[in-house]
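# Coordinate analysis (summary)
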Amino acid sequence: MKFSLRHLVWVNLVLLALVAYWGASTVSTAVASRLIPPPDVRIKPPPPPMAAAEKHPEPFYVDKIVTRDILNPDKEQAPVAPPPPPEKELNLKLWGVTLDRADSRCIIEDLATHKSEVYRIGDTVSAVAVVKAIEWEKVILDQAGREKYIELQQAGGPGGPGGAGGARPSTAVAALPPGAPPPPPGATVPGDQNQTAGGASPNPHVQQLSENQYKIDRSEVDSQLDNMAQLFTQIRAVPHFDGGESTGFRLFAIRQNSIFDQIGLRNGDIIEEINGNKISDPSKALALLQELRNVDTLTVKGTRNKTPLDLSYQVR
């Protein structure tokens, strides 16, 4: 096969075009490498070497395998109980209780606010615990599922009367009503004998003006109210019911020569009113007791031996 001159010209033109294209591509690549800066390539440092796994004895791994039960993956795993909530310190003090099978109550003071309240079983105390049980010498509280208790405040404190190294004081708790179970062994009931009028020892701060009238120094009132723990050990009281309704509180176990004995109160007295206010509810009685600091006269009405009782006091 012979190539004509015309074919030779076309072959040369194709070769020339290829050479021109290669030359232009080479020139454009060189120019582009000059004009476009190279990318900023940053190489991250290699990660630190992994810490070697802690080695355990063989029984540890066997226990893990048995617990996971890899041969029975559908087996339900026992739920893990959440950790219990942190305990909150109970900054409370128990001042006294009234034991009644149907309606026991207790007096608890919040030491943070210095506020005392009367609580029944089921009541919430200072938003931190619920009264679960009221017993002879303590109150059991439920705080987030945990049982805690506060014991009855003892008179004298550590190192004082009834404190460390001293004789055990009488408990500041209202005695059980008739028919209730007896107190536990060791619980003392002071002064349960009947006292007669005029049996109190002389007290320069308390003066008897007449049969039912007394004058009390304000310093004596303040001193007694400042030591509520000691005050509650000198007397016992339980609710008195008439016709199914609470009409007041019956007093007994009055300590001889105590302040209550000196101001003319006797075992068996039923106190119904103080300064015209009914005291059928323990919370009212507690509130009236706190108000004694601010009054100049005090009248007490009730019943003694089924006859009306009227006592009058001047606080000076």
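Starting afresh in each chain, residues are numbered from 1 along the sequence in its written order. Local features in a predicted model are, by the rule used here, given only for residues with pLDDT of at least 70; side-chain atom pairs are given and counted only at 80 or more, and totals for whole chains, interfaces and linings are based on all residues. As a rule here, side-chain values come from all non-hydrogen atoms in the structure, and water together with hydrogens is ignored.

Right, let's talk about the sheet that holds strand β1 (residues 92–98) for a bit. At least two bridges found by DSSP between two strands are what make those strands a pair. The way it works is that DSSP assigns letters per residue, a run of H or I at least four long becomes a helix, a run of E at least two long becomes a strand, and they are numbered from the N terminus. Reading across from one edge, β1-β2-β3 is the order of the 3 strands in this open sheet, with antiparallel pairing throughout. Where the open sheet ends on each side, the last strands, each with one partner, are β1 and β3 (115–120). The average undirected angle you get between the axes of adjacent strands in this sheet is 25 degrees. With 6 bridges joining them, β1 and strand β2 (residues 105–110) adopt antiparallel strand pairing. The residue of β2 that forms the bridge with K93 is E109. All axes are obtained by fitting lines to C-alpha atoms, using only the stretch in contact for helices, and the reported angles, taken between N-to-C directions, cover 0 to 180 degrees.

Glancing now at the pattern of salt bridges. Think of a salt bridge as a Lys or Arg side-chain nitrogen and an Asp or Glu carboxyl oxygen that are within 4 Å of each other. Going through the model one piece at a time under the given rule, you end up with 5 salt bridges. The salt bridge involving D261 is made with R266; its shortest N-O contact spans 2.9 Å. Neither D261 nor R266 differs from the other in exposure class; each is buried. D269 serves as the salt-bridge partner of R304, at 2.7 Å between the closest nitrogen and oxygen. Note that R304 is positioned in strand β14 (residues 297–304) and D269 in the loop between α5 (259–262) and β12 (270–274), a separation of 35 residues in sequence. A simple rule labels every residue: compare its accessible area, found with a 1.4 Å probe on the protein chains alone, to the largest value its type can have, and call it buried under 20%, exposed over 50%, or partly exposed in between.

Think of it this way: a Phe, Tyr or Trp ring, Trp meaning its six-membered ring, pairs with another when their centres are within 6.5 Å, and the plane angle makes it stacked under 30 degrees, edge-to-face over 60, tilted otherwise. One pass over the structure, following the stated rule, counts 1 aromatic pair. Arranged with centres 5.6 Å apart and planes meeting at 25 degrees, the rings of Y214 and Y313 form a pair that is stacked. Note that Y214 is positioned in strand β9 (residues 213–216) and Y313 in strand β15 (residues 307–315), a separation of 99 residues in sequence. Take Y214: its relative accessible area is 4%, and that puts it in the buried class.

Turning next to the pairing of β14. The pairing of β12 with β14 spans 4 bridges and is classified as antiparallel. The residue of β14 that forms the bridge with I271 is G302. Inspection of the sheet shows β14 paired to β15 by 8 bridges, in the antiparallel sense. Its bridge partner being in β15, K301 is matched across the sheet by D310. Counted between consecutive antiparallel strands, the loop separating β14 from β15 contains 2 residues, among which N305 sits at a positive phi close to 55 degrees.

What follows is about the pairing of strand β5 (residues 129–134). Bridge count for strand β4 (residues 124–125) against β5 is 2 bridges, and the pairing is antiparallel. Bridge pairing in β5 links T124 to V130. The turn linking β4 back onto β5 is made up of 3 residues, and S126 within it adopts a positive phi angle of 55 degrees. Pairing of β5 with strand β6 (residues 138–143), which is carried by 4 bridges, proceeds in the antiparallel orientation. Looking at the pairing, V131 lines up with L141 of β6. Count of turn residues in the β5/β6 antiparallel hairpin: 3 residues.

Right, let's talk about the nonpolar core for a bit. F260, I263, L265, I271, I274, V300 and Y313 are the most contacted members of the largest nonpolar core, which has 30 residues in total. Secondary-structure elements contributing two or more residues to this core are β9, α3 (218–226), α4 (228–232), α5, β12, β14 and β15. No other element matches the 4 residues that β15 contributes to this core. Once residues lying within four places of it in the same chain are set aside, the contact partners of F260 are L231, Q234, I235, I254 and L265. Among the nonpolar cores identified, the runner-up in size contains 16 residues, and L90, C106, Y119 and V125 belong to it. Take the buried residues of types Ala, Val, Leu, Ile, Met, Phe, Trp, Tyr and Cys, join any two whose side-chain atoms come within 4.5 Å, and each joined set is a nonpolar core. Residue contacts are defined here by distance: any two heavy atoms, one from each residue, within 4.5 Å place the two residues in contact.

Here we come to the sheet that holds β5. Sheets are built from strands that pair by backbone hydrogen bonding, the pairs being arranged parallel or antiparallel. Taken together, 4 strands build an open sheet; the order of strands is β4-β5-β6-β7 and the sheet is antiparallel. With partners counted over all chains shown, the strands left at the sheet margins are β4 and β7 (146–151), one partner each.

Unusually for a residue other than glycine, S126 sits at a positive phi of about 55 degrees. Note on placement: S126 falls in the loop between β4 and β5. For S126, a relative accessible area of 30% translates into the label partly exposed. Positive phi, normally seen in glycine, also occurs at A127, with a value near 60 degrees. Note that A127 resides in the loop between β4 and β5. Judged by relative accessible area, A127 falls into the exposed class, the value being 72%.

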